[in-house]
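Listed below are the residues making up each chain.
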Amino acid sequence: QVHLVESGGGLVQPGASLRLSCGASGRSFSEYAMGWFRQAPGKEREFVAAINWSGSNTYYADSVKGRFTISRDNTKNTLYLEMNTLKPEDTASYYCAARELGPMTPTLAQGYDYWGQGTQVTVSS
C-alpha cells in the first residue's frame, strides 16, 4: 500500500512554468513505477508521462514531449513533473499514480494500482 499526495498546481498564464510534486508514503517508493495523468471536466483521463522504478526509462505523451519532464528522487520518496511553456490545452486536474513492479503498459491508467487526489492546473490569460 502507498499513499500519494500531489501538490504544486495553480493558475498561470500561457507560456509559464510549474513544477508538480507527488509525495509518497507507505512503503518502498523505489519499488514502484510512477506516472502522471490528467483529466479535464467532461474529458477522458489521459496519459501525460511515466517513469520506471529507477528513473532510467521515461515515457511522454506526444502533446507534452519536449515541454514536460518527469523525474523522481527515491531518497525523498517524491515524483516530479516539470511543466514548461504551458498552454491552455494543458488545463486539467493532474494525478500521480503508482504501479507495483511487474509487466505493464505505462501509458494506460488501468495499469496503475494507486492514485493521488489530484492537483488543479489552469492555464489562462
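Structure: see above.
Throughout what follows, the structure given in this document is the object of discussion. Quick caveat, the model's predicted, so the values are computed rather than measured. One numbering rule holds for all chains: residues counted from 1, following each sequence as written. The model is predicted, so local features are restricted to residues of pLDDT at least 70 and side-chain atom pairs to those at 80 or more, both for listing and for counting; the totals for chains, interfaces and linings are taken over all residues. Side-chain calculation: all heavy atoms of the structure are included, whereas hydrogens and water are not.

Concerning the overall build of the chain
Right, on to step 1. The secondary structure content of the chain amounts to zero helices and eleven strands.
Right, on to step 2. Computation of the radius of gyration draws on C-alpha atoms, with the globule rule given as 2.2 Å multiplied by the number of residues to the power 0.38. Computed over its C-alpha atoms, the radius of gyration of the chain comes to 13 Å, within 12% of the 14 Å expected for a compact globule of 125 residues.
Right, on to step 3. Each principal axis of the C-alpha distribution contributes one length, and for the chain these read about 40 × 25 × 25 Å.
Right, on to step 4. When a residue's accessible area, from a 1.4 Å probe over protein chains only, is under 20% of the maximum for its type it is buried; when over 50% it is exposed; and in between it is partly exposed. Going through the 125 residues of the chain one by one, you find that 42% of them count as buried.
Right, on to step 5. The contact definition used throughout considers only heavy atoms, calling two residues in contact when any of these lie within 4.5 Å. In the chain, once contacts between residues fewer than 6 apart in sequence are set aside, the share between residues at least 24 apart is 58%.
Right, on to step 6. To be clear on the numbers: accessible area is Shrake-Rupley with a 1.4 Å probe, and residue cover counts the displayed protein chains and nothing else. A total accessible area of about 6,400 Å² is found for the chain, and carbon and sulfur atoms account for 47% of it. The helix and strand labels rest on DSSP assignments: H or I over at least four residues marks a helix, E over at least two residues marks a strand, and numbering proceeds from the N terminus.

Some points on the pairing of strand S4 (residues 32-39)
Along any regular strand, the residues point their side chains to alternate faces of the sheet.
Right, on to step 1. With seven of its eight residues buried, S4 lies for the most part within the structure.
Right, on to step 2. The pairing of S4 with strand S9 (residues 92-100) spans eight bridges and is antiparallel. In the strand pairing of S9, Phe-37 is matched with Tyr-95.
Right, on to step 3. Strand pairing requires that DSSP identify at least two bridges connecting the strands. Here S4 folds back onto strand S5 (residues 46-51), and the loop between the two strands holds six residues, one of which, Gly-42, carries a positive phi near 75 degrees.

A few points about unusual backbone geometry
Right, on to step 1. Of note in the backbone geometry, Asn-77 takes a positive phi value of approximately 55 degrees without being a glycine.
Right, on to step 2. A relative accessible area of 32% places Asn-77 in the partly exposed class.
Right, on to step 3. Even without a glycine there, the phi angle at Thr-85 is positive, about 50 degrees.
Right, on to step 4. Mapping Thr-85 onto the fold places it in the loop between strand S8 (78-83) and S9.

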